[in-house]
Amino acid sequence: QVQLVESGGGLVQPGGSLRLSCAASGFTFSSYPMSWYRQAPGKERELVARITSNGGSTNYADSVKGRFTISRDNAESTVYLQMNRLKPEDTAVYYCYAQVYLSGTGFSPYWGQGTQVTVSS
């Protein structure tokens, strides 16, 4: 079955950095775009960054442009989110996301369990 497992969250001071990882399994990872979303307390889940299947194109939320970088390693079936110059407003649970086509069910959305990022002094 499709699994997305995030890691790398934690507590960091403002201005610091973290690197999130999402290990994927159960589907042909290299065939699908991948995304990172986040959800802060009391707020809706929002798209942070997206990367195409071959890594050739990326998109970012305006709030993270120039600070965050999404990348992927198709040989390792892993997508990353490098987060630099973190701000308190980046505090949220970060989720890995993919919409995957499976025979018999068509396209379905899949989410990881989330990893907490807290930016605080």
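Up top is the structure.
Residues numbered from 1 in each chain as written. Predicted model: local features only at pLDDT ≥ 70, side-chain atom pairs only at ≥ 80, totals over all residues. Heavy atoms only, no water.

Caption draft 1: Focus on the overall build of the protein chain. Helix and strand counts for the protein chain stand at 0 helices and 11 strands. In sequence order, the secondary structure elements of the protein chain are arranged as β-β-β-β-β-β-β-β-β-β-β. Computed over its C-alpha atoms, the radius of gyration of the protein chain comes to 14 Å, within 12% of the 14 Å expected for a compact globule of 121 residues. Dimensions of the protein chain, computed from the C-alpha atoms along their principal axes, are close to 50 × 30 × 25 Å. Across the protein chain, the fraction of contacts at a sequence separation of at least 24, relative to all contacts at a separation of at least 6, is 52%. (Helix = DSSP H or I, 4+ residues; strand = E, 2+ residues; numbered from the N terminus. Rg over C-alpha atoms; globule rule 2.2 N^0.38 Å. Contact = heavy atoms within 4.5 Å.)

Caption draft 2: Examining the pattern of salt bridges more closely. Scanning the entire structure with this criterion turns up 4 salt bridges. The salt bridge involving Arg 38 is made with Glu 46; its shortest N-O contact spans 2.7 Å. Residues Arg 67 and Asp 90 are paired through a salt bridge, measuring 2.7 Å at the closest nitrogen-oxygen approach. You can see Arg 67 sitting in the loop between strand 6 (58–60) and strand 7 (68–73) and its partner Asp 90 sitting in the loop between strand 8 (78–83) and strand 9 (92–102), a full 23 residues away along the chain. For the pair shown, Arg 67 and Asp 90 are each scored as buried. (Salt bridge = Lys/Arg side-chain N within 4 Å of Asp/Glu carboxyl O. Buried < 20%, exposed > 50% of the residue type's maximum accessible area, 1.4 Å probe, protein only.)

Caption draft 3: Highlighting the side chain of Arg 72. With respect to the element layout, Arg 72 can be found in strand 7. Despite its burial, Arg 72 pairs with no opposite charge, the nearest such side chain being Asp 73 at 8.3 Å. Among the polar contacts made by the side chain of Arg 72, one reaches the main-chain carbonyl oxygen of Phe 29 at a distance of 2.8 Å. Discounting chain neighbours no more than four positions away, the residues touching Arg 72 are Phe 29, Ser 30, Tyr 32, Pro 33, Met 34, Ile 51, Thr 52, Ser 53, Gly 55, Thr 78, Val 79 and Tyr 80. (Lys, Arg positive; Asp, Glu negative; His and termini not counted. Polar contact = N/O pair within 3.5 Å; in protein donor to acceptor, adjacent residues only side chain to side chain.)

Caption draft 4: Region of interest: the state of the cysteines. Per the counting criterion, the structure on display carries 1 disulfide. In this model Cys 22 forms its disulfide with Cys 96; the gap between the sulfur atoms is 2.1 Å. Residues Cys 22 and Cys 96 are joined through a disulfide that is left-handed, its torsion about the S-S bond being -85 degrees. Taken together, the positions of Cys 22 in strand 3 (residues 18–25) and Cys 96 in strand 9 put the pair 74 residues apart, joining distant regions of the chain. By the burial criterion, Cys 22 is buried, and Cys 96 matches it. (Disulfide = S-S within 2.5 Å.)

Caption draft 5: Summary view of the packing of aromatic side chains. Taken as a whole, this structure holds 7 aromatic pairs when the rule is applied. A centroid spacing of 5.5 Å and a plane angle of 70 degrees characterise the contact between Tyr 37 and Tyr 97, whose relative ring orientation is edge-to-face. Of this pair, Tyr 37 sits in strand 4 (residues 34–39) while Tyr 97 is found in strand 9, placing the two residues 60 residues apart along the sequence. Look at Tyr 97 and Trp 111: their rings are 4.6 Å apart centre to centre, the planes differ by 50 degrees, and that puts the pair in the tilted class. Here Tyr 97 is found in strand 9, whereas its partner Trp 111 is found in strand 10 (residues 106–111), with 14 residues between them in sequence. Three or more aromatic residues joined by ring pairs make a cluster, and in this case those are Tyr 37, Tyr 95, Tyr 97 and Trp 111. Above the ring of Tyr 80, the side-chain terminus of Arg 19 is found at 3.9 Å from the ring centroid. Sitting above the plane of the Phe 29 ring, Arg 72 keeps its charged end 4.3 Å from the centroid. (Phe/Tyr/Trp six-rings, centres within 6.5 Å; stacked < 30°, edge-to-face > 60°. Lys NZ or Arg CZ within 6 Å of the ring centre and 35° of its normal.)

So yeah, pure geometry; function would need other evidence.
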